[in-house]
Structure formats: structure tokens, C-alpha cells
Amino acid sequence: MKEPSLPGTSLQRACRLLVAFCALHLSATLLYYLTGSALGPPGSPEPPPRRPPPANLSLPLSRPPPANVSLPLSHPSPPAARSRPTPASPVPGPCPEPSPLLVGALRVEFSQPVSLDEVARINPEVKAGGRFAPKDCIALQKVAIIIPFRNREEHLKYWLYYLHPILQRQQLDYGVYVINQDGEEEFNRAKLLNIGFAEALKEYDYDCFVFSDVDLIPMDDRNIYKCYSQPRHLSVSMDKFGFRLPYNQYFGGVSALSKEQFTKINGFPNNYWGWGGEDDDIYNRLVFKGMGISRPDAVIGKCRMIRHSRDRKNEPNPERFDRIAHTRETMNSDGLNTLSYKVLRTDKYPLYTKITVDIGSPKS
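Counting from 1, residues in each chain are numbered in the order their sequence is written. Residues qualify for local features only when their pLDDT is at least 70, as the model is predicted, and side-chain atom pairs are given and counted only at 80 or more; totals for whole chains, interfaces and linings, by contrast, use all residues. Computation of side-chain values covers all heavy atoms of the structure but excludes hydrogens and water.

Colleague: Looking at this model, I keep getting lost on the sheet that holds strand β5 (residues 216-218). Mind explaining?
Modeller: Whether parallel or antiparallel, the strands of a sheet pair through hydrogen bonds between backbone atoms. Read from one edge to the other, the open sheet built from 3 strands follows the order β5-β9-β7, with strand pairing classed as mixed. At either margin of the open sheet sits one strand with a lone partner, and together these are β5 and β7 (237-238). Strands are labelled as partners when DSSP assigns at least two bridges between them. Each helix is a run of H or I in the DSSP string that is no shorter than four residues. Each strand is a run of E no shorter than two, and both are numbered from the N terminus. As paired elements, β5 and strand β9 (residues 302-305) share 3 bridges and run antiparallel to each other. Its bridge partner being in β9, Leu216 is matched across the sheet by Met305.

Colleague: In this structure, what is going on with the pairing of strand β2 (residues 142-149)? I would like to understand it.
Modeller: In summary, the side chains of a regular strand alternate between the two faces of the sheet. Exposed residues in this analysis have more than 50% of their type's maximum accessible area, buried residues have under 20%, and partly exposed residues fall in between, with area computed by a 1.4 Å probe over protein chains only. Burial within β2 is extensive, with 7 of its 8 residues counted as buried. Inspection of the sheet shows β2 paired to strand β3 (residues 173-181) by 8 bridges, in the parallel sense. The residue bridging Val143 from the neighbouring strand is Tyr174, located in β3. Consider the strands pointing away from the viewer: the crossover is right-handed when the path from the first strand over the helix to the second runs clockwise. Crossover β2 to β3 through helix α3 (residues 153-169) is right-handed. Direction of pairing for β2 relative to strand β4 (residues 208-212): parallel, over a ladder of 4 bridges.

Colleague: Explain the packing of aromatic side chains to me, please; I cannot follow it from the model alone.
Modeller: What describes a pair of aromatic rings is the distance from one ring centre to the other and the angle between the planes of the rings. Aromatic pairs are defined between Phe, Tyr and Trp rings, using the six-membered ring for Trp, whenever the two ring centres lie within 6.5 Å; interplanar angles under 30 degrees are classed as stacked, those over 60 as edge-to-face, and all others as tilted. Applying the stated criterion to the full structure yields 15 aromatic pairs. Judged by centre distance (4.9 Å) and plane angle (80 degrees), the ring pair of Tyr161 and Tyr162 falls under edge-to-face. Residue class for Tyr162 comes out buried when judged on its relative accessible area of 14%. Ring centres of Phe197 and Phe209 lie 4.5 Å apart, and the angle between their planes is 50 degrees; on these two criteria the pair is classed as tilted. Of the two residues, Phe197 sits in helix α4 (residues 189-203) while Phe209 sits in strand β4, which places them 12 residues apart along the sequence. The class of Phe197 is buried, set by a relative accessible area of 5%. Using a relative accessible area of 0% as the deciding quantity, one classes Phe209 as buried. By the ring-pair criterion, three or more aromatic residues cluster together here, those being Tyr177, Phe197, Tyr204, Tyr206, Phe209, Phe211, Phe262 and Phe268. For a ring to carry a charge above it, either NZ of a lysine or CZ of an arginine must fall within 6 Å of the ring centroid while also lying within 35 degrees of the normal to the ring plane. For the cation-ring pair, Arg131 lies above Tyr204, with the distance from its terminal atom to the ring centre recorded as 4.4 Å.

Colleague: Explain the confidence of the model for the chain to me, please; I cannot follow it from the model alone.
Modeller: If pLDDT is low for a region, its predicted coordinates should not be looked at in detail. pLDDT is a residue-level measure of predictor confidence that goes from 0 to 100. Overall, the prediction assigns the chain a mean pLDDT of 85, with 77% of residues at 70 or greater. Residue contacts are counted whenever heavy atoms from the two residues lie within 4.5 Å of one another. Below a pLDDT of 50 lies the segment residues 37-81, which in the model reaches 7 contacts outside its immediate sequence neighbourhood of four places, other chains included.

Colleague: It is not clear to me how α3 should be interpreted in this structure. Could you clarify?
Modeller: Counting along an α-helix, one turn takes 3.6 residues, and residues three or four places apart therefore face a common direction. The end-to-end C-alpha distance of α3 is 25 Å, a good match for the 24 Å that 17 residues give at a rise of 1.5 Å each. Of all the residues in α3, the buried ones are His155, Leu156, Tyr158, Trp159, Leu160, Tyr162, Leu163, His164, Ile166, Leu167 and Gln168. Elements in contact with the buried residues of α3: α2 (116-121), β1 (131-132), β2, β3, β4 and β5. Once α3 ends, the next one or two residues include Gln171, with phi positive near 55 degrees. Here the expected length of a helix is defined as 1.5 Å per residue gap, with one fewer gap than residues.

Colleague: Could you clarify how one ought to interpret the state of the cysteines in this entry?
Modeller: A covalent bond between the sulfur atoms of two cysteines is referred to as a disulfide. We call a pair of cysteine sulfur atoms a disulfide when they lie within 2.5 Å. Overall, the coordinates contain 2 disulfides when judged by the stated rule. Sulfur-sulfur distance for the disulfide between Cys95 and Cys137 comes to 2.0 Å. Judged by the sign of its S-S torsion, about 85 degrees, the bond between Cys95 and Cys137 is right-handed. Of this pair, Cys95 sits in the loop between α1 (9-39) and α2 while Cys137 is found in the loop between β1 and β2, placing the two residues 42 residues apart along the sequence. In terms of burial, Cys95 and Cys137 fall into one category: buried. Across the disulfide from Cys208 sits Cys227; the S-S distance is 2.0 Å. The S-S bond linking Cys208 to Cys227 shows a torsion near 85 degrees; that makes this disulfide right-handed. Separated by 19 residues along the polypeptide, Cys208 in strand β4 and Cys227 in the loop between β5 and β6 (232-233) bring together distant segments of the chain.

Colleague: Would you mind showing me how to read the nonpolar core here?
Modeller: The nonpolar side chains of a soluble globular protein tend to be buried with one another. Side-chain atoms within 4.5 Å link the members of a nonpolar core, which is a set of buried Ala, Val, Leu, Ile, Met, Phe, Trp, Tyr and Cys residues. Core analysis: the largest hydrophobic core is formed by 39 residues, its most contacted members being Leu156, Trp159, Leu167, Tyr174, Val210 and Tyr225. Where this core is concerned, the elements lending two or more residues are β2, α3, β3, β4, β5, β8 (254-258) and β9. Ranked by residue count, the leading element in this core is α3, at 7 residues. Those residues in contact with Tyr174 that sit more than four places away from it in its chain are Val126, Gly130, Arg131, Phe132, Val143, Ile145, His164, Leu167, Gln168 and Tyr206. In this structure, Ala190, Leu192, Ala200 and Trp273 belong to the second largest nonpolar core, which totals 28 residues.

Below is the structure:
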């Protein structure tokens, strides 16, 4: 005989089936969502397979590439045009005054022979023709040094040996011009100085001119070979004269005039043939044009003269005193405005420029 079922049994079975069905449905739904999130949003169609972009694909630089374009992941090389700019070199300023390179008093001797090859070796910054300019600053003046010359080769060696180091320490932009008188006529120092002034200006825009005898060497590098507001007498204390001025109006040996000062007096006289008188004529010209003479003190202005006998064809000029007495009348008609000469040759040596000239004769 079959045992009778308890009341509610059928309902319990139905509830269990319903719970199992709900659990199954929930598991299926959860699995669907988990797998669908990796493939895309539900209901969206599967995208087509992607192709790599062509190698020459060019994209606008103003906006990012489209989302469906895949770019290579290699690191781009920096453009060649964007290389770092080279920093500009600083522009040098004016040279300090006084120069920090000066050493003061110098020992000057003439007992040992001088080799110009050795002088050139120890002055490597001096360029052909005797030109120099400081590299780390701009020189305050451009100076042409004019040397009247004939048959003084040994004296010139000493001058170059001592003066090139001095002038470089003085931080000058300078050039050395040796004006060589050709022929056997009487020597004419002042005319050679006029020629040096004219020829140097053809090469460079000099604003200062130092006129120096070849046998005078400064004994102190603080005696600056430059120009001042008044014409400058540099050789004020020569051993030849016991280290003092022979007379107050003396303007011989070494002097410096600016371009404006020199042209204002019409340069130097051309008609002093032989020794003496031209420096006094120059002094008169300066005074008649309202200028004075400036000088260093007797210690800084010391210089030595190379001893020598008087040159042949440079005898004392017998007319010098009469000419000095008439400077006021002759200065406007005898000087730069009447200068006549012929350049025979120009030689650019390592330490100086030598200009050989025909200056005529006293009769011409």
C-alpha cells in the first residue's frame, strides 16, 4: 500500500526548481557579461580586422591621428633642423687703461747681437708687415709707428727686439713702417716722416702717428706710444743728454701726433736736407696753431740711444737756423700739401713694412 504524501510537498519541489532555475539564469547572465566586456559593448557588431597603415602615410600635425589608425611604436629620431644653436662668442670690450700688462722700468742693453728670426719667434702674435692688435680687447687707438731710415740695419734689429714686446704690452693696435730713403742725396728726416704718414693711411685707418728715430729705445713701458689731447713728446729723458731735456722747446727723437693734430700743422717741412732744425720747425708749427706739448715725467720718459758716428750725407744743415726763423711764413706752403715722392718698392717683412722711396734732391 502506497504511503500518502505530506501536504505541501509538491509546492516545496516547485520552489526548489524555481530557485535552481534562477541560479542557473543568474550564472549564465553573469558569464555573458564577463565575456562580452572583452569583446565590446553588448549588441555592437564586431569590428573588421585592422590593417597596418601604409609606410608613406602622412598625418596632419594639427590634430591627433584617428582612433582606428595604428602608428608604429618605434622612437622617432630628432629632426636635423632642430640642432642646438652654437652660442655666440662674447664681443670683447675696450682695453683697460692703463694696460694691466705693463711691467715698468726695463733694462736696455746693446752688447749682444740680435737675430730677426729669433725676434719673430718670440713675438708670434705680430703679423706680416709688423701688424698687431690685441685679441681679448679692442685697442683704444690705432697707431702707425713711422721710422725714417737709411743704412741702419743693426739699429733696426735692436729697435724691433725691444719695441715689439713693449707695444704689445701696451695693448695697441699698431703697425711698424720703415721709410727707407733711396739714393745718395742728403738725408731728409722730416720728409720721410710725411711720406710715412701718407703711406700708412693707404693701408689702415690709423688715428695716431708715432714718429721715432731708429736708435732710440724707451726704458719704461709705461711711456705709452699713443696720442693725447696735445702733441706728445716721448723721448724727454735721453741718456745722451744726461737724462734731461737739452732745452724746453726740444721736440726731437720720438713724438706722437694724432691725425687731426698732424694735418692741422700741414705735416712736417719738406725742405730740411741734412741734420738738424726740422724738430724745431715742427715745434714752431704746433705753437703757431695754438697747441702745447705734453710729456711724461723724467723717470717714465727715460730712453737710451744706440751710440754711432754721424751718417754720411747727413751733415748739419747750414740753412736750418734761417728756416726755423721763418716757420710762420712757410708752414702753409711747405708740408703735406706740397709732398712729392715716388715709391720704388714695398716689402712686407715679418716684423715691419719697409717702403723704399725716391724723395728727389735739394735742387728739385
